[in-house]
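Here is what each chain is made of, one letter per residue.
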Amino acid sequence: MAYKISVEKAKTSKLGEVDFSNLPFGKYFADHMFIADYYDGEWRDCRIVPFADFSLHPATSGIHYGQSLFEGMKAERDPDGNPILFRPLKNLERLNLSADRMAMPELPEEIFIDAIDQLLTLDKDWVPDTPDSSLYLRPFMFATEKAVGIKVAENYRFCIFSCPVGAYYSKPVKVFVQDTYVRAFPGGVGYAKAAGNYGGVMKPMREVQKLGYDQILWLDGIHHRYLQEIGTMNIFAIIDGVLVTPSLQQGTILDGVTRDSMIQLARSEGYTVEERDLPIDELLNAHKEGKLEDMFGTGTAATIAPIALFHYQGTDYTLPEVEKRTVSNKLKTRYFAIRAGKAEDVFNWVHHVPVDAYANI
Ligand SMILES: Cc1ncc(COP(=O)(O)O)c(C=O)c1O
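Participant: Describe the pattern of salt bridges, naming the residues involved and giving the relevant values.
Facilitator: Per the stated rule, a full pass over the model turns up 20 salt bridges. Here Arg 47 and Asp 37 are joined by a salt bridge, their closest N and O atoms 3.0 Å apart. Remark: Asp 37 occurs in strand 2 (residues 32–39) and Arg 47 occurs in strand 3 (residues 42–50); sequence separation between them is ten residues. The exposure class assigned to Arg 47 is buried, which follows from its relative accessible area of 19%. Of the residues examined, Asp 37 reaches a relative accessible area of 12% and is grouped as buried. The residue Asp 255 makes a salt bridge to Lys 90 at a minimum N-O spacing of 4.0 Å. Taken as a pair, Asp 255 in the loop between strand 13 (242–246) and helix 6 (257–268) and Lys 90 in helix 2 (residues 88–101) lie far apart in primary sequence, 165 residues in all.

What follows is the structure in structure tokens.
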């Protein structure tokens, strides 16, 4: 089936209201959004409309029973000033993996890519061109069944809006290794970007933030021993020259696009990367022996965030100064250059928005 996207342009732009030199994360919204509705077994009514509130039935099932998922991706400008995206198909793949786990419908590639291309053509002036800033895209899907009663919904809405954003963290991150609360179990939904995964961590997050830490570093739910991931980032440690990141095998960790990119980049630079179980005691021993050279988180929002220290059972373990972390600094520089279209795209990661093809929408 061919999908046609109808376009209703915003009558006035809010662009002038935004101070691009000071962009808090997720507070400003670009002029347009994309919406598609799923009913009678198909995605229908694909449309780009001015950014506005939804009107929802109080029994909207996604709100009550949690069939709700999202994605996060960023657009930047290439050296010619045109919008580019980093690995959008990897986000679509994950969106559909999440949809499968939540018994929600798959979104076809054609809709996803066309929606993004047209939205970014219309809102291209919203893509910041200042360092560390980008246009964050938020694709999301939720069940729109207007009925009370737990069952797999038959109706859904998919939407994409965008926000110009600056850096997520302004300084190295302090993480709290959580050994009581649990984020995910084998057989659960940890690998999906399901909204409920985030709702469940709000209370533990508030508690560690009250203690002065930025985020939680989760341990596995069975042994409370193996590192999982941080808040909205995957975790890497560099131990004695080797990059180690927890393996995805148990299905408890989100398969991060940034994680996968860092693994490929690091290997291409000749570094050894191990995807395996990483027990907290190994981290503590490595720290004691002076072999824990670096720890950093990877994620679309936070990019590559150095970890200043980790807290475990009453003790803060401080990590080397960021300036001395040559491996991650080198990888980070190359990662940023590729995603901004400034370095050779050897992995074919960059999606150029065909703005000329959509010039007349
Ligand atoms: C729980 C969780 N882990 C890891 C990540 C990092 O994934 P990505 O690099 O695709 O942004 C995210 C962010 O999407 C996340 O929410």
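Moving on, there is more to tell.
Participant: Let's hear about the packing of helix 6 against helix 8 (residues 326–339): which residues, and what values?
Facilitator: Two elements in contact, helix 6 and helix 8, have axes whose closest approach is 10 Å; the angle formed by their N-to-C orientations is 115°. Relative to helix 8, the element helix 6 is oriented roughly perpendicular. Once helix 6 is placed against helix 8, the crossing between them reads as right-handed. Touching Thr 258, Ser 261, Met 262, Leu 265, Ala 266 and Ser 268 of helix 6 are Leu 331, Arg 334, Tyr 335 and Ile 338, all from helix 8. Residue composition of the contact of helix 6 with helix 8, grouped by class: six nonpolar, three polar and one charged.

Participant: Describe the nonpolar core, with residues and values.
Facilitator: One finds Phe 34, Trp 43, Leu 120 and Phe 158 to be the most contacted residues of the largest nonpolar core, which totals 42 residues. If you list the elements that add at least two residues to this core, you get strand 2, strand 3, strand 5 (73–77), helix 2, helix 3 (109–122), strand 7 (134–143) and strand 8 (156–165). In terms of residue count, helix 3 provides more of this core than any other element does, seven residues in total. Setting aside its immediate chain neighbours within four residues, Phe 34 contacts Ile 5, Cys 46, Arg 47, Ile 48, Ile 111, Ala 115, Leu 119, Phe 158, Cys 159 and Ile 160.

Participant: How would you explain the site of the ligand if you had to name every residue and give the values?
Facilitator: Looking at the ligand, there are 16 residues lining it, with Tyr 198, Glu 229, Val 257, Thr 258 and Thr 300 nearest. Within the backbone of Val 257, a nitrogen or oxygen atom sits 2.7 Å from an oxygen atom of the ligand. One of the side-chain N or O atoms of Thr 258 is found 2.5 Å from an oxygen atom in the ligand. At the level of secondary structure, the elements contributing two or more residues to the shell around the ligand comprise strand 12 (233–239), helix 6 and strand 15 (292–299).

Parameters at a glance
- Residues numbered from 1 in each chain as written.
- Predicted model: local features only at pLDDT ≥ 70, side-chain atom pairs only at ≥ 80, totals over all residues.
- Heavy atoms only, no water.
- Salt bridge = Lys/Arg side-chain N within 4 Å of Asp/Glu carboxyl O.
- Helix = DSSP H or I, 4+ residues; strand = E, 2+ residues; numbered from the N terminus.
- Buried < 20%, exposed > 50% of the residue type's maximum accessible area, 1.4 Å probe, protein only.
- Axes fitted to C-alpha atoms, helices over the stretch in contact; angles between N-to-C directions.
- Parallel < 35°, antiparallel > 145°, perpendicular 65-115°, else oblique.
- Left-handed = near helix turned anticlockwise from the far one by under 90°.
- Contact = heavy atoms within 4.5 Å.
- Nonpolar A, V, L, I, M, F, W, Y, C, P; charged D, E, K, R; others polar.
- Core = buried A, V, L, I, M, F, W, Y, C linked by side-chain atoms within 4.5 Å.
- Near = heavy atom within 4 Å.
- Polar contact = N/O pair within 3.5 Å; in protein donor to acceptor, adjacent residues only side chain to side chain.

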